[in-house]
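Residues per chain are reported as follows:
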Amino acid sequence: MGEVAYDRFAKRNSLFPGLRKLSVAPGCGPGNFENVEKERLVEKTSINPVGVLVIHSKTLSQMDLQLEHMFDKPDVYVYVRIRLGNVTTCSKPVPNYGSNRVVVDSIKHISIMIPRKRDDMDCKLKFDLIGYEGPKTLHRIIGTTDLHIYDIIKDMYVIQELVLKRRHYSTATLDVEMCFSYGTFGYGHANQLENRQRPCHELVSHSLFPRFKPEAERADGNRDILICQPVGHPSFIGFTEKAEIGTTVKSLCAF
């Protein structure tokens, strides 16, 4: 494809010598077209790593609900809307009872596919504070802010106070706690990543799920991994030859 386009420009310049010759920019030769096509093919065929992002919205404070006279009454219902890519989730509406501080206490688990480019639009994690006066009134955005998921993935665990703004004016402060773990279910390991420096059992130790220490007789060394127990032959089946499952650790490792 690149060679055809390159020959077309050369033929046109030979037929019309009076025209100003087009200068070929660096990196636009016939061979470079093939490299670009290969890079695009790799981007399409590569699978992005996946993970689970947990967001705990704790409290809202320093709320300014009278900005631009959005509400007629001081008592409104507020909730937090979280958007990441195609995923949108909201907390339960909480009445403020005329106070500028409310407890949200909402935990959301979001399964995400991490884009490989930092400037991808799906990397933006957006927080919106929305309020309304009653069931038949409009839901108005009080304040908004956004984060980059790369910053959360780098630290794995973040506690932060987010300043929500509306037209460059601060309208509220959201206290959030965020945690990220690789894997479809957040076990700490993603098959799409190559991490040869750290073993797999060390990666899964940073799981989102609690890990209880097993009993000493069932633990596999110092890694806190359970060993299968032998399963005997059921007594109500009278086979002449009986088989035992999980009798040795060697058979478990082979499995």
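Residues numbered from 1 in each chain as written. Predicted model: local features only at pLDDT ≥ 70, side-chain atom pairs only at ≥ 80, totals over all residues. Heavy atoms only, no water.

Considering the overall build of the chain
To keep it simple, the criterion reads: Secondary structure counts use DSSP, requiring at least four H or I residues in a row for a helix and at least two E residues in a row for a strand, with both numbered from the N terminus. In what follows, residue pairs with any heavy atoms lying within 4.5 Å of each other are defined as contacts. All accessible areas in this document rest on Shrake-Rupley with a 1.4 Å probe, and a residue is counted as covered only by the protein chains that are shown.
Check the secondary structure of the chain and you find 5 helices and 9 strands. Helices and strands in the chain line up, N terminus first, as α-α-β-β-β-β-β-β-β-α-β-β-α-α. The contacts in the chain between residues at least 6 apart in sequence include a share of 58% that link residues at least 24 apart. For the chain, the exposed area adds up to about 18,400 Å²; of that, 54% sits on carbon and sulfur atoms.

Details of unusual backbone geometry
Even without being glycine, Tyr 97 reaches a positive phi, approximately 55 degrees. For Tyr 97, the position within the fold is in the loop between strand S4 (94–95) and strand S5 (102–113). At Asp 105, a residue that is not glycine, the phi angle is positive and equals roughly 50 degrees. Residue position: Asp 105 is located in strand S5.

Quick look at the pattern of salt bridges
Here is the rule we go by: Note on definitions: salt bridges are taken to be side-chain nitrogens of Lys or Arg within 4 Å of carboxyl oxygens of Asp or Glu. Any residue under 20% of the maximum accessible area for its type is buried, any over 50% is exposed, and the rest in between are partly exposed; the area is computed with a 1.4 Å probe on protein chains only.
Applying the stated criterion to the full structure yields 4 salt bridges. A salt bridge links Lys 58 to Glu 177; the nearest nitrogen and oxygen atoms lie 3.5 Å apart. Of this pair, Lys 58 sits in strand S1 (residues 50–61) while Glu 177 is found in strand S9 (residues 169–182), placing the two residues 119 residues apart along the sequence. For the salt bridge of Asp 151 with Arg 118, the shortest nitrogen-to-oxygen distance reads 3.2 Å. Here Arg 118 lies in the loop between S5 and strand S6 (124–132) and Asp 151 lies in helix H3 (residues 149–155), a separation of 33 residues in the sequence. Arg 118 gets classed as partly exposed once you look at its relative accessible area, which sits at 45%. Residues joined in a network through salt bridges with shared partners are Arg 81, Arg 83 and Asp 128.

Side note on the nonpolar core
For the record, the criterion: Put simply, a nonpolar core is a bunch of buried Ala, Val, Leu, Ile, Met, Phe, Trp, Tyr and Cys residues held in one set by side-chain atoms that sit within 4.5 Å of each other.
Counting residues in each nonpolar core, the largest one holds 35 residues, and the members touching the most others are Leu 60, Leu 125, Phe 127 and Met 178. Among the secondary structure elements, those contributing two or more residues to this core are S1, strand S2 (77–84), S5, S6, strand S7 (140–148), H3, strand S8 (157–166) and S9. The biggest single contributor to this core is S9, with 5 residues.

Concerning the environment of Leu 125
As for its position among the elements, Leu 125 is in strand S6. Leu 125 sits 21 residues away from Asp 146 along the chain, and the two C-alpha atoms are 5.3 Å apart. Once residues within four sequence positions are removed from consideration, Leu 125 is found in contact with Leu 53, Ile 55, Ile 82, Arg 83, Leu 84, Thr 145, Asp 146, Leu 147, Ile 149, Ile 152 and Met 178.

Some remarks on the confidence of the model for the chain
Close reading of the predicted structure is inappropriate where its pLDDT is low. Keep this limit in mind: Confidence per residue, as judged by the predictor, is encoded in pLDDT with a range of 0 to 100.
Summarising the model, the chain shows a mean pLDDT of 76, and 69% of its residues fall at 70 or more. Mean pLDDT across the elements of the chain ranges from a minimum in helix H5 (residues 249–254), with 41, to a maximum in S2, with 94. Low pLDDT, under 50, characterises residues 18–31; the stretch is placed with 10 contacts to residues that sit more than four places away or in other chains. Residue range residues 248–255 is modelled with pLDDT below 50. Its contacts to residues more than four positions away, or to other chains, number 3 contacts.

A closer look at the packing of aromatic side chains
Selection criterion: Two aromatic rings, drawn from Phe, Tyr or Trp (for Trp, its six-membered ring), form a pair once their centres lie within 6.5 Å of each other, and the interplanar angle then sorts them: stacked below 30 degrees, edge-to-face above 60, tilted otherwise.
What the rule picks out here adds up to 3 aromatic pairs. Plain terms: the ring middles of Tyr 77 and Tyr 132 are 5.6 Å apart, the flat faces sit at 15 degrees to each other, and that makes the pair stacked. Of this pair, Tyr 77 sits in strand S2 while Tyr 132 sits in strand S6, and the two are 55 residues apart along the sequence. By relative accessible area, which is 12% here, Tyr 132 ends up buried. Pairwise contacts between aromatic rings join Tyr 77, Tyr 79 and Tyr 132 into one cluster.

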